[in-house]
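Structure at a glance
Read off the chains here:
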Amino acid sequence: MKRIILLLVLGSSLRAQIGDDALDRQLTSVLQAAGFTGTVESQLERRLGRPVDSTLAGLGRSLFFDKILALHSDNSCAGCHAPAAAFGDTQSIAIGIQNNNFVGPHRFGPRNQRRTPSLVNDAFYPKLMWNGRFFAVSGDPFDNSQGFRFPDPEGSTRFPPSDPVIKTLLAAQAHIPPTELTESAGYTGTLGTIGADFDLFDDGLGSPVPPPDASGYRNEPIRQAVLERLNNSVAYRELFGRSFPAVSQGMPIDFTMVGRALAEFQFTLVFADAPIDQFARGKKSAMTSSQKRGALLFFGKAQCVGCHAVAGPSNEMFSDFTNHRIGVPQLAPAFGIECDNVIFDGAGQNEDYGAEQISGDAADRYRFRTSPLRNASLQPAFFHDGAFTQIEDAVVHHLNVVQSAHLYDPVLAGVAPDLRHGMGPMEPLLERLDPLLATPISLTLAEADDLIAFVRDGLLDARAKPENLCKLVPDSVPSGATLQIFEGCR
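A brief look at the structure comes next. Bear in mind that the values here come from a model prediction, so they are computed numbers and not experimental data.

The next point concerns the overall build of the protein chain. From N to C terminus, the protein chain includes 20 helices and 7 strands. Computed over C-alpha atoms, the radius of gyration of the protein chain comes to 24 Å, within 12% of the 23 Å expected from 2.2 N^0.38 for 490 residues, which places it in the range of a compact globule. In terms of principal-axis extent, the alpha carbons of the protein chain reach across some 85 × 55 × 45 Å. By the burial criterion, 53% of the 490 residues in the protein chain qualify as buried. Within the protein chain, contacts between residues separated by at least 24 positions form 67% of all contacts whose residues are at least 6 apart in sequence. One finds the centroid of the 42 positive side-chain charges in the protein chain at a distance of 8 Å from the centroid of its 55 negative side-chain charges.

If you want it as structure tokens, here you go:
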């Protein structure tokens, strides 16, 4: 009897091995055809053309966690890009200024318009932000030969082709967050200058926001005000002097230095060695059988790779970095103090027009950039407005968008109580649905489980988990500002 049982066990194991061997061959072929190598992380320094500068990255880390870049003095980059959430948002819709100093589930304050995306691996993104409004004209975030394009006032002139200083898209993008009133600059001193609706946000805290310059925008005046803070800081002048000899010789800190330092810190946040990468490099045991089956569905029957691409300028980031309409329910909190400090689009002020806000073209209405999927399981919410809080629901939404949208319930979706009441209209979204998602995709429950296992676990680099990234939270910052309270880290 024992011999029979042993033979049965061996036979079962052999069948499983044969099944895995077949999966391995099939998935290897599929990945090769898709152009996926699993080596993108190792390409960073070659693409940069130099090693990552640890001293400059250390300065960037200090700036990232310091409120000194925010004229309102109550937020930092890390306030919205939380280390416990893969340097992404802890909220469905971001909370910037006038927050309660928490970074995590208990963060409170007026909301902005969209969820803050993760910074992990964004060094390889050719387009940044939910509507792709910051992008490398060449399609390569490490190539400035054609310059970097931004909305006005930066436009195509602030970061021109072959700029000798700002060479990466991340270094250019880092010029923008301090200029955002809702995120960091605040409204102090703006009473009567923006519009009566916004006067209530002028709370007199922090530093006054300077008036617009000749361009009609406040971006550069705000940057100069931030630089005044940095140049008045003995600690920061010393730190900048270690990376920029001109500062050590008495010259002022300029904003290109700030942008380069913040970008350098983000270059240390490349974590793209997930099970799928290890499999592609030959370690077949890195993925479970379920993840392998899910990957085959992802690249095949489920048609995910149609938008969540890996080849060419996608840089194996599982996004085509193109704007699409995917019928995500519209969460639109009410405008007002402690509610929301952005006036939403549409007659009911309860819609987000997405890429149309940049292009001015109604054909771009409701289009948003495809979200890269690496480490997506570390997100507490999904899509541009965090309408779903479970990765399973986010995956299933893609399979039958019309049904998912009609059945959507913000309470069941798990969004915060203050986001459950303001909902934009659904039908305009579905009328303009991307053709790629117009036809439902039928998967069995087992197939859906496998697909979810791949997206959840097969694309996860464990180094991006909270227990690792929380180690980057400093004990103090050079300005002496109070650190935020990072829930899930301390």
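Moving on from the model shown.
Time to look at the packing of helix α12 (residues 289–299) against helix α19 (residues 445–458). Put simply, α12 and α19 touch, their axes get as near as 7 Å, and they point 100° apart. By the angle class used here, α12 and α19 are roughly perpendicular. On the side of α12, the interface is formed by Ser-290, Gln-291, Arg-293, Gly-294, Ala-295, Leu-297 and Phe-298, while α19 contributes Glu-447, Asp-449, Asp-450, Leu-451, Ala-453, Phe-454, Val-455, Asp-457 and Gly-458.

A few words on α19. The terminal C-alpha atoms of α19, which comprises 14 residues, lie 18 Å apart, in line with the 20 Å expected from a rise of 1.5 Å per residue. When we look at burial in α19, the residues that qualify are Glu-447, Ala-448, Asp-450, Leu-451, Ile-452, Ala-453, Phe-454, Val-455 and Gly-458.

This next bit is on the pattern of salt bridges. Enumeration according to the criterion identifies 19 salt bridges in this entry. A salt bridge links Lys-292 to Asp-24; the shortest N-O distance between them is 2.8 Å. In this pair, Lys-292 is assigned in helix α12 and Asp-24 in helix α1 (residues 2–34), connecting sequence segments 268 residues apart. For Lys-292, a relative accessible area of 3% corresponds to the buried category. Using a relative accessible area of 12% as the deciding quantity, one classes Asp-24 as buried. Asp-450 is the partner of Arg-293 in a salt bridge, and the nearest nitrogen-oxygen pair spans 2.8 Å.

Reading across the sheet, the 3 strands line up as β2-β3-β4 and stay open at both edges, with antiparallel pairing between neighbours. Of all the strands in the sheet, just β2 (127–128) and β4 (148–149) have a single pairing partner and so form its edges. Here strand β3 (residues 134–136) runs beside β4; their pairing, made up of 2 bridges, is antiparallel. Among the inter-strand pairings, Ala-136 is bridged to a residue of β4, identified as Phe-148.

For the rest of this paragraph, the subject is the side chain of Glu-264. In this fold, Glu-264 is placed in helix α10 (residues 255–267). Of the polar contacts made by the side chain of Glu-264, one reaches the backbone nitrogen of Asp-53; its length is 2.7 Å. Among all residues touching Glu-264, those that are not within four sequence positions of it are Arg-50, Pro-51, Val-52, Asp-53, Leu-56 and Ala-57.

How each quantity is defined
- Residues numbered from 1 in each chain as written.
- Predicted model: local features only at pLDDT ≥ 70, side-chain atom pairs only at ≥ 80, totals over all residues.
- Heavy atoms only, no water.
- Helix = DSSP H or I, 4+ residues; strand = E, 2+ residues; numbered from the N terminus.
- Rg over C-alpha atoms; globule rule 2.2 N^0.38 Å.
- Buried < 20%, exposed > 50% of the residue type's maximum accessible area, 1.4 Å probe, protein only.
- Contact = heavy atoms within 4.5 Å.
- Lys, Arg positive; Asp, Glu negative; His and termini not counted.
- Charge placed at Lys NZ, Arg CZ, Asp CG, Glu CD.
- Axes fitted to C-alpha atoms, helices over the stretch in contact; angles between N-to-C directions.
- Parallel < 35°, antiparallel > 145°, perpendicular 65-115°, else oblique.
- Expected span 1.5 Å × (residues − 1).
- Salt bridge = Lys/Arg side-chain N within 4 Å of Asp/Glu carboxyl O.
- Pairing = 2+ DSSP bridges.
- Polar contact = N/O pair within 3.5 Å; in protein donor to acceptor, adjacent residues only side chain to side chain.

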